[in-house]
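The residues making up each chain are set out below.
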Amino acid sequence: MAIKNKRVLITINPGLIDGKWFPTVRSLVSALDKTTDLMVATVGDYDFSSKKVRIYRRIKYGKFEEIGMVTPKADLWIVYSDGYWLDAKALGFKIRSDFFNSQIELHQYHLANHNVDLIVNSPQTEQKTLKSWFSSLDAKKTRIIPTVNLQNIDEVRQLRKLKDVIVAKLSWGGAMIGTKKLASDEDVDAFENELKEDAPYTALNDYCFQDYAPASSEKRFWIAGGKVVGARLLFGRRVPWETEGKEKGYLYDEQTEGYARDRAAVENLLKLSELTVGSVDFIGPMINEINGCGTVFTYFQEKDLLLDFRKQMVDSFLQILNQL
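Note that the structure is predicted; figures quoted are calculated from it, not measured. (Residues numbered from 1 in each chain as written. Predicted model: local features only at pLDDT ≥ 70, side-chain atom pairs only at ≥ 80, totals over all residues. Heavy atoms only, no water.)

Notes on the sheet that holds strand β15 (residues 286–291)
The antiparallel open sheet is built from five strands, whose spatial order is β13-β12-β11-β14-β15. This sheet does not close on itself; its edge strands, each paired only once, are β13 (248–251) and β15. Pairwise comparison of adjacent strand axes, ignoring direction, gives a mean angle of 25° for this sheet. Two elements, strand β11 (residues 217–224) and strand β14 (residues 278–283), share six bridges in a ladder whose sense is antiparallel. Bridging across to β14, lysine 219 finds its partner in phenylalanine 282. Relative to β11, helix α7 (residues 259–273) is tilted by about 50°, and along the sheet it contacts β11, β12 (227–235), β14 and β15. (Pairing = 2+ DSSP bridges. Helix = DSSP H or I, 4+ residues; strand = E, 2+ residues; numbered from the N terminus. Axes fitted to C-alpha atoms, helices over the stretch in contact; angles between N-to-C directions. Contact = heavy atoms within 4.5 Å.)

Below, the structure written as structure tokens:
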């Protein structure tokens, strides 16, 4: 079967339908629309009871036409947005993480019932992009920042006193949303009060806890087709507990000291996660996150496009389609 006849479904941020500027996913949608039978779904518009999703087709000038609620049928389903920033309460969920779990269950259902041949990233891999997955790994062998899941606020207090400073992260999240530096008893008190005010929607088990790792540099390795396709080195990035940051980014490659060792750590983590598309992030010498659906494959410094790995990402999906 030629790629042109392959049925592809891609789940995207609903803002793209409204015309917002998302260069990574827009490039992917444009390329797939030219080469495949493409359908577009919007995250947050799944009907979990009927197992249907709202479908759009791309029309002229980058606009989209709604088709309606449809049972997914595709050779390849690319899940390029999981909607961690959406208001899950408004979507009918009492508990924030239930929204993520419902998406995983729907994707697994359509795989099991042979409505879809392949999902990228697979549901099993996307579960490993939750930040809490790091708690199951050997930190020394994988070069990750030590990460734990805690059962109650007393354990948070004990860990904070032991480590002096720790970082609380939403296990399902991104863009530094919900990330908190806990450097005192007062910080833990404030964190506890926030949880009480937002319970049960957000609870302690929605968080994992990492050692605080201040460093002058951050690194990102972009992954496409299960392989490293590029990396950047960043200095001076603003962190959530600071109001300012003057960042400067550079290409990170074989010419840069430390690259080979860092890449080896990334490739080891790829074997464990089976990540097809996404990124692996470092703070200093340690890996602090693995990211899946929704990863941006460009780096802008202010308004200037400094690094762009969209072509490698798009080509990786075309290669996957050729192999189906």
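More follows now that the structure is in view.
Structural notes on helix α8 (residues 310–323)
The terminal C-alpha atoms of α8, which comprises 14 residues, lie 20 Å apart, in line with the 20 Å expected from a rise of 1.5 Å per residue. Buried within α8 are the following residues: Arg310, Met313, Val314, Ser316, Phe317, Ile320 and Leu321. Mapping the buried residues of α8 onto a view down its axis gives an arc of 155°, with all of them on the same face. Those residues of α8 that are exposed and aimed more than 90 degrees away from the buried face are Lys311, Asn322 and Gln323. (Expected span 1.5 Å × (residues − 1). Buried < 20%, exposed > 50% of the residue type's maximum accessible area, 1.4 Å probe, protein only. Arc of directions from axis to C-beta.)

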